[in-house]
Each structure stands twice: as structure tokens, then as C-alpha cells.
Amino acid sequence: MAYKTILVHVDESERCQLRVDVAAEIARKSDSHLIGAAITGVSRFIYQDGNLGAADPNLALHLNYLKERAEAAAAKFRVRTDALGVRSSELAVVNDEAGGGMGLLARYSDLLVIGQTNRDEPSPSVLPDFPEYLVLNTGRPVLIIPYAGSFPTIGKRPMIAWDASRAATRAVTDALPLLKEADLVQVAIFNVKADPDAHGDQPGADIATYLARHGVRVEVSVHKTKTDIGNAILSLAHDLDSDLLVMGGYGHSRFREMIMGGATRTILESMTIPVLMSH
């Protein structure tokens, strides 16, 4: 398994160049095709009657503004990928809202690269629950880059938050192309007694064996915590000097409201390193 198509969200945010750099580096290492998606943020259904300006000229002005922002972000993507020497890339300027537009493109991609929501930098084209929506609805691994911090390496020292669940299993499998390139992968298990049947007599032994068969170097550690699991995960990742967190994303959607599990919500709000999350 390898990533052959990588999709990165591009916009006018301050951290967009970092996202593009991360996606381009993964594409370069895996000889992948890189797609930069600039989404206007307007539902495609609003364009169906073809007469936007007749009823409300102010609406037409706003839509043009959003389109111009998307096109400006797209132009920067092209310049940056040329500078980085990406072999195979393309640009998509999509008239749609961000979740729906990226979701459609994600169906034909192996990995999505997006940014963490920064509530101090609100976007006119992206809703605050953008990461949650993509994790829960695309069926693809989502690599989320924090809105603060620098990351000279991503995936040299990954940590897996392992709870033997379906979502965690999916995340580990989705992350294999990165895990195989790591110097050492830390598998961290918290509060084994909460679900002893899932872990067996030797917690972590089975997932370590599975990864070892893929040529991944693994260490397993078991931890107890009475605090929020999400904060415990982030604290351990800091102590281990991890540069990537791999974990399952838990939650469900009710109409457009994303209802996330406690640890997932904590990580999405407080991440300090890139997180690869699958549902």
C-alpha cells in the first residue's frame, strides 16, 4: 500500500503554505500525484439557476469575492509546488462549500491534508467543524496540521494511540505508508482495564506483531490516567518527542452538527503535533 493521490486543502490562511509543504514532501517521497483544492465555500446548488445577480447584486459581489480568494490561493499553490519540484500535480478550484467539495474529491484520493481550525482566524469559506466533517464523512485518512508550531519532521517518531477499536485499526492501516518510513513507532495504550477483552493477556502485543510484519519498528507502553484521555495522549506525545499522532476519530453527525467523542474533541482543539485521524 502507498499513497498515490494526495489531496491538500488550499486557502488564504496563514498556515496554508505549511500544509502544501507537508503534502508536497509526502508526495515527493511516495512519488504521488498531488491535488491542491481551493474551495470557494459556496454550495454548488446556488449556481444552478445561473442568475445569481438578478435578485441580489450584493450576493453576486460576495460570491465573486469568495471566488477571487480561491483563485488567489490556487495561484500560490501552483507557484509553491513548482518551487518544490513536485513531479505530478494539479489544481482544482471548486464552486462548493468546503466540506462537500473536499468530500467529493476525497473519494478519489488516498490521503487528505488539511489545517486545524483556528478560531482566531475565522474563514469566510470554511466552517469551524471542517476537520470533524472530513474525518467522519470521507472514509479517508485525514492528516491535520496544527495552526501553531513548526514541524521539521513528520512521521520520523510517530505515536499511535491504540485502543484496539475499529477506528484505531483503520487509522493504523491508513498510516502504514508513513509508519514504514519511521525510525521508531511508539504504541501507547491507556486504561487497559476499561476494555480488557480488546487487548488480550499482553496489551499491545498483537498490534506490535502486526506492525512488525510490515517492517515497522515498534515499542509498546501501557499507561493509566484519571484525567481526560485526550490530554494524557498529548502529554505523552510531548514526553516522547513524537512528531506525529495516529489515532481513530470518534463521533457522529446530526444534520450538520458534529458530535465528537471526548478524546477526539480534545485532540482536535488542542493538538500540538500533526495528527492522522481515521474514522
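Counting from 1, residues in each chain are numbered in the order their sequence is written. Side-chain atom pairs in this predicted model are given and counted only at pLDDT of 80 or more, local residue features only at pLDDT of at least 70, and totals for whole chains, interfaces and linings cover all residues. Each side-chain value is derived from all of the structure's non-hydrogen atoms; neither hydrogens nor water enter the calculation.

Student: Let's hear about the packing of helix α6 (residues 166-179) against helix α8 (residues 205-213): which residues, and what values?
Tutor: At their nearest, the axes of α6 and α8 sit 11 Å apart, and the two run at 45° to each other. Considering the angle they form, α6 stands oblique to α8. α6 and α8 meet at a crossing whose hand is right-handed. Note on element contacts: α8 touches α6 through Ile207, Tyr210 and Leu211, opposite Val172, Thr173, Leu176 and Leu179. Its residues placed into classes, the contact of α6 with α8 shows 6 nonpolar, 1 polar and no charged. Between N-to-C directions, angles span 0 to 180 degrees; the directions come from axes that are lines fitted to C-alpha atoms, helices contributing only their stretch in contact. Secondary structure elements follow DSSP: runs of H or I no shorter than four residues count as helices, runs of E no shorter than two count as strands, and numbering proceeds from the N terminus. When describing relative orientation, an angle under 35 degrees is termed roughly parallel and one over 145 degrees roughly antiparallel, while 65 to 115 degrees is termed roughly perpendicular and anything else oblique. Note on convention: the crossing is left-handed when the near helix lies turned anticlockwise from the far helix by less than a right angle, right-handed when the turn is clockwise. We call two residues in contact whenever any of their non-hydrogen atoms come within 4.5 Å of each other. In this classification, the charged set is Asp, Glu, Lys and Arg, the nonpolar set is Ala, Val, Leu, Ile, Met, Phe, Trp, Tyr, Cys and Pro, and all remaining amino acids, among them Gly, are polar.

Student: Residues and numbers for unusual backbone geometry, please.
Tutor: The backbone of Asp31 shows a phi angle near 55°, a positive value even though the residue is not glycine. Following the sequence through the fold, Asp31 ends up in the loop between α1 (16-30) and β2 (33-39). In this structure Asp31 comes out as partly exposed when scored by relative accessible area, which is 47%. In this structure, Asn191 is a non-glycine residue whose phi angle is positive, near 50°. By the element assignment, Asn191 lies in the loop between β7 (185-190) and α7 (196-199). Buried means the residue's accessible area, taken with a 1.4 Å probe over protein chains only, is under 20% of the maximum for its type, while exposed means over 50%, and partly exposed covers the values in between.

Student: Quick rundown of empty space enclosed by the protein? Include the residues and the values.
Tutor: We place a 1 Å grid over just the protein atoms. Points where a 1.4 Å probe fits but has no way out form a cavity, open points with protein on both sides within 12 Å along at least 5 of 7 lines form a pocket, and any residue with an atom within 4 Å of a point lines it. Grid points are joined across faces, edges and corners, and a volume is the space filled by probe spheres set on the points. Under the counting rule described, the total for this entry stands at 1 cavity of 30 Å³ or more. Taken as a whole, the largest cavity spans an internal volume of roughly 60 Å³. Lining the largest cavity are Val10, Asp11, Glu12, Ile39, Thr40, Leu66, Arg69, Ala70, Ala73 and Ser125. When residues in the lining of the largest cavity are grouped by element, the largest group, 4 residues, is from helix α3 (residues 57-84). Residue classes in the lining of the largest cavity are distributed as 5 nonpolar, 2 polar and 3 charged.

Student: Would you mind going over α8 in detail, with residue names and values included?
Tutor: Regarding α8, the residues found buried are Ile207, Ala208 and Leu211. Seen along its axis, α8 keeps its buried residues to an arc of 100°; they face one direction. Along α8, exposed side chains directed more than 90 degrees from the buried face belong to Asp206 and Arg213. In this structure, the buried side of α8 is in contact with β6 (158-161), α6, β7 and β8 (218-223). Of the residues flanking the end of α8, it is Gly215, one or two places downstream, whose phi is positive at about 80°. Directions drawn from the helix axis to the C-beta atoms are what define this arc.

Student: Could you give an account of the nonpolar core, with specific residues and numbers?
Tutor: Ranked by size, the top nonpolar core spans 42 residues in total, and within it Ile6, Leu34, Leu143, Ile160, Leu179, Leu211 and Leu276 carry the most contacts. Ignoring anything within four residues of it in the chain, the contact list for Leu276 reads Tyr3, Leu111, Pro141, Val142, Leu143, Ala171, Ala175, Leu178, Leu244, Leu245, Val246 and Met247. Residue types Ala, Val, Leu, Ile, Met, Phe, Trp, Tyr and Cys, when buried and joined through side-chain atoms within 4.5 Å, form a set referred to as a nonpolar core. Ala37, Val94, Leu112 and Phe190 belong to the second largest nonpolar core, which has 37 residues in total.

Student: Describe the sheet that holds β8, naming the residues involved and giving the relevant values.
Tutor: The 10 strands are arranged β3-β2-β1-β4-β5-β12-β9-β6-β7-β8 in an open sheet whose pairing can be described as mixed. The open sheet terminates on both sides in strands that have one partner only, identified here as β3 (88-94) and β8. Neighbouring strand axes in the sheet, compared pairwise and without regard to direction, differ in orientation by 20° on average. At least two bridges found by DSSP between two strands is the condition for calling them paired. Pairing of strand β9 (residues 244-248) with strand β12 (residues 275-278), which is carried by 4 bridges, proceeds in the parallel orientation. By the bridge assignment for β12, Gly248 is matched with Ser278. Of the strands in this sheet, β6, β7, β8 and β9 touch helix α9 (residues 229-239), which is tilted by about 150° from β7.

Student: Before we move on, could you go through the pattern of salt bridges and cite the residues and values that matter?
Tutor: For side chains of opposite charge, pairing can occur when their charged atoms come near one another. Salt bridges are counted wherever a side-chain nitrogen of Lys or Arg sits within 4 Å of a carboxyl oxygen of Asp or Glu. Under the counting rule described, the total for this entry stands at 8 salt bridges. One salt bridge connects Arg28 with Glu25, and the closest N-O pair in it is separated by 2.8 Å. Linking Arg28 with Glu25, this pair stays in helix α1, spanning 3 residues, or about one helical turn. Here Glu25 falls in the partly exposed class, since its relative accessible area comes to 31%. Between Asp174 and Arg170 there is a salt bridge whose closest N-O contact spans 3.3 Å. Remark: Arg170 and Asp174 occur in helix α6; sequence separation between them is 4 residues, near one turn of the helix. A relative accessible area of 27% places Arg170 in the partly exposed class. Here the salt bridges do not stand alone but share partners, grouping Glu25, Arg28 and Lys29 into one network.

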